[in-house]
Amino acid sequence: MEYYNKVIESVNIRFLRGFNYQIEKPVTISDHKEFDNMLILLHHGSLKFGEEQEVLNEGEILFLPGEKSTSLTFGNSPKISEIDMEDFRDTKRKYLQTISFRDIKNAENDCISAVSFESKVFDVVNFFNSLDIPPFIIRFNDRLAMLIEDLMKEQEVSSVGKERSLRALTELLVIELLRHILKNRLFVEEISTNVTYFKDPRLIELFKFIKTNLNGDLSNKVLAKIANVSEDYVGQYFKMLTGINPQDYIEYQRMEAAVELLRTTKKSIRDIGKEVGYKDTAYFCRRFKMMYGVPAGKMRRRESLINP
């Protein structure tokens, strides 16, 4: 137990956004994938996910770890449109309409609440993504459902301390989510295999160095000095503890930083590419589209619609 207390203490949690949706038209997204962790509470109606189209009951919650792809069906109909994630991003308003939380109980259509949050170890590593936990249903957890509802209510008010309240509620949400996983002994093998980085301070130093030097020299030679291991061994050492080689991890961190800059600044695509370590703008754009499935400019336009 003490070990997991240390784990949760090292995870920095941040509320990103929350929406209440009314399902206007049933749809299946064959490869649904969000960049951030998401919890979806089904208020009433139909929600299914995965290859087997596992069914959520009303009041249950679907957890979608960031970057994990799954088939997701909103609503129920003999004829359901099936689209991919890129099309869904472009036509989302055709299928989901935002409504206020107070209108959910009286809504005639299927309704959900969706909360997106960030959880990073030492403000560097995406916690749930790094554990390799797949999407799963949270059944019989009224506490989590209540916290999601409280977040939705808080988001719609303009009271003093709103931002701090959202942060506190999101921290409680993530703690309750982790408690649910541990209490029900879910994904025991994934967790025991993928939390090794908590046990080696040299790896944490590497994570921190990479994050603060994304536009600098991050060759294996430099990383070897930070970790105090040989240049020939640093790649093997990193992969042994994380499951990926350091250069793949570095590219992932650079792209994550680029997404954040697209969301929060008006910097040009060229300047963003340089800031995260890509001197060649065309190469940066190719790699970005390969990783996220959409061009950088298109993602910026989509984010501006979601978060005006």
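Keep in mind that what you see is a predicted model, and the values were worked out from it rather than measured.

**Q** When you look at the overall build of the protein chain in this model, what are you seeing that I'm missing?
**A** Along the backbone of the protein chain there are 13 helices and 12 strands. Against the 2.2 N^0.38 benchmark of 19 Å for 308 residues, the protein chain shows a C-alpha radius of gyration of 20 Å, consistent with a compact globule. Taken along its principal axes, the extent of the C-alpha atoms in the protein chain is 65 × 50 × 45 Å. Across the protein chain, the fraction of contacts at a sequence separation of at least 24, relative to all contacts at a separation of at least 6, is 76%. Within the structure as shown, the protein chain displays about 15900 Å² of accessible surface, and the carbon and sulfur contribution to it stands at 48%. Charge separation in the protein chain, taken as the distance between the mean sites of 45 positive and 46 negative side-chain charges, equals 5 Å.

**Q** Please explain the packing of aromatic side chains as it appears in this structure.
**A** Two numbers describe a pair of aromatic rings. These are the distance of the centres and the angle of the planes. Applying the stated criterion across every chain, the model contains 17 aromatic pairs. Judged by centre distance (5.4 Å) and plane angle (50 degrees), the rings of Phe238 and Tyr249 are tilted. Taken as a pair, Phe238 in helix α9 (residues 231-242) and Tyr249 in helix α10 (residues 246-264) lie far apart in primary sequence, 11 residues in all. Classification of Tyr249 by relative accessible area gives buried; the value is 5%. Aromatic ring contacts, followed pair by pair, group Phe35, Tyr278, Tyr283, Phe284, Phe288 and Tyr292 into a single cluster. Here Arg254 stacks its cationic end above the ring of Tyr278, 5.9 Å away from the centre of that ring.

**Q** It is not clear to me how the pairing of strand β3 (residues 37-44) should be interpreted in this structure. Could you clarify?
**A** Residues in a regular strand point their side chains to alternate faces of the sheet. Among the eight residues that make up β3, eight are buried, leaving the element largely enclosed by the rest of the structure. Here β3 pairs with strand β6 (residues 61-64) via four bridges, running antiparallel. Paired with Leu41 across the bridge in β6 is Ile61.

**Q** I tried to follow the sheet that holds strand β5 (residues 54-55) on my own but got confused; where do I start?
**A** To summarise the sheet geometry, strands pair through backbone hydrogen bonds and adopt either a parallel or an antiparallel arrangement. Spatially, five strands are ordered β5-β4-β7-β2-β8 in an open sheet, and the strand pairing comes out mixed. Strands with a single pairing partner mark the edges of an open sheet, and in this sheet they are β5 and β8 (81-83). For strand β4 (residues 47-49) and strand β7 (residues 70-74), the ladder comprises three bridges, and the chain directions are antiparallel. If you follow Phe49 over to β7, its bridge partner there is Leu72.

**Q** Can you help me understand the pattern of salt bridges in this one?
**A** Side chains that carry opposite charge are capable of pairing whenever their charged atoms lie near each other. All told, the structure shown has 14 salt bridges when counted by the stated rule. One salt bridge in this structure joins Arg14 and Glu260, with 3.8 Å as the shortest N-O distance. Within this pair, whereas Arg14 is found in strand β1 (residues 11-23), its partner Glu260 is found in helix α10, the two being separated by 246 residues in sequence. For Arg14, a relative accessible area of 35% gives the class partly exposed. Its relative accessible area of 29% is what places Glu260 among the partly exposed residues. Each member of the salt-bridge network shares a partner with another, and the members are Arg14, Glu118, Lys120, Glu256 and Glu260.

**Q** What exactly am I supposed to notice about the pairing of β6 here?
**A** Of the two faces of β6, the one lined by Ile61 and Phe63 and the one lined by Leu62 and Leu64 are each fully buried. With three bridges joining them, β6 and strand β12 (residues 136-138) adopt antiparallel strand pairing. Residue pairing across strands places Leu62 opposite Ile137, the latter belonging to β12.

**Q** For this particular structure, what's the right way to read the environment of Arg270?
**A** Residue placement: Arg270 occurs in helix α11 (residues 269-275). With 11 residues separating them in the primary sequence, Arg270 and Thr281 have C-alpha atoms 5.5 Å apart.

**Q** Mind showing me how you'd approach the side chain of Arg89 here?
**A** When you line up the elements, Arg89 lands in helix α2 (residues 85-95). At 3.5 Å, the side chain of Arg89 forms a polar contact with the backbone oxygen of Lys33.

**Q** I tried to follow unusual backbone geometry on my own but got confused; where do I start?
**A** A negative phi angle is the norm for most residues apart from glycine, just as the trans form is the norm for most peptide bonds. Residue Gln53 is not a glycine yet carries a positive backbone phi of 50 degrees. Within the secondary structure, Gln53 sits in the loop between β4 and β5. Residue classification places Gln53 among the partly exposed residues on the basis of a relative accessible area of 24%.

**Q** For this particular structure, what's the right way to read the side chain of Gln22?
**A** On the secondary structure map, Gln22 appears in strand β1. Residue classification places Gln22 among the buried residues on the basis of a relative accessible area of 16%. Side-chain polar atoms of Gln22 contact the side chain of Glu24, separated by 2.9 Å. Discounting residues that sit within four places of it in the chain, Gln22 has contacts with Tyr95, Leu96, Gln97, Ile99, Ala107, Glu108, Asn109, Asp110 and Cys111.

**Q** Help me out: how do you make sense of helix α12 (residues 281-292) in this one?
**A** Every α-helix carries 3.6 residues per turn, so stepping three or four residues along brings you back to the same face. For α12, with 12 residues, the first-to-last C-alpha span of 16 Å sits near the 16 Å given by 1.5 Å per residue. Two or three places before Ala282, at the start of α12, stands the capping residue Asp280, its side-chain oxygen 3.0 Å from that residue's backbone nitrogen.

Conventions used here
- Per chain, residue numbering runs from 1 following the sequence as it is written.
- Where local features are concerned, this predicted model is filtered to residues with pLDDT of at least 70; where side-chain atom pairs are given and counted, the filter is 80 or more; whole-chain, interface and lining totals use all residues.
- No hydrogens and no water enter the side-chain calculation; it runs on all heavy atoms of the structure.
- Put simply, DSSP marks the helices as runs of H or I at least four residues long and the strands as runs of E at least two long, and each gets a number from the N terminus on.
- Values of the radius of gyration come from C-alpha atoms, whereas the globule rule sets the reference at 2.2 Å times the count of residues to the power 0.38.
- In this description, contact between two residues means that some pair of their heavy atoms is separated by no more than 4.5 Å.
- Only the protein chains shown count as cover for residues, and all accessible areas are computed by the Shrake-Rupley method using a 1.4 Å probe.
- Think of it this way: Lys and Arg go in the positive column, Asp and Glu in the negative one, and His and the chain ends go nowhere.
- To locate a charge, take NZ of a lysine, CZ of an arginine, CG of an aspartate or CD of a glutamate.
- We call Phe, Tyr and Trp rings a pair once their centres come within 6.5 Å, taking the six-membered ring for Trp, and we label the pair stacked below 30 degrees between planes, edge-to-face above 60, and tilted otherwise.
- Here's how the labels work: a residue is buried when its accessible area is under 20% of the maximum for its type, exposed when over 50%, partly exposed in between, all with a 1.4 Å probe on protein chains only.
- Geometrically, a charge over a ring is one whose NZ (Lys) or CZ (Arg) sits within 6 Å of the ring centre while staying within 35 degrees of the ring normal.
- Whether two strands pair depends on DSSP finding at least two bridges between them.
- The salt bridge criterion pairs a side-chain nitrogen of Lys or Arg with a carboxyl oxygen of Asp or Glu, the two atoms within 4 Å.
- Under the rule applied, a polar contact is a pair of N or O atoms within 3.5 Å (in protein, one hydrogen donor and one hydrogen acceptor; residues adjacent in sequence only if both atoms are side-chain atoms).
- Multiplying 1.5 Å by the residue count of a helix minus one yields the expected span of that helix.

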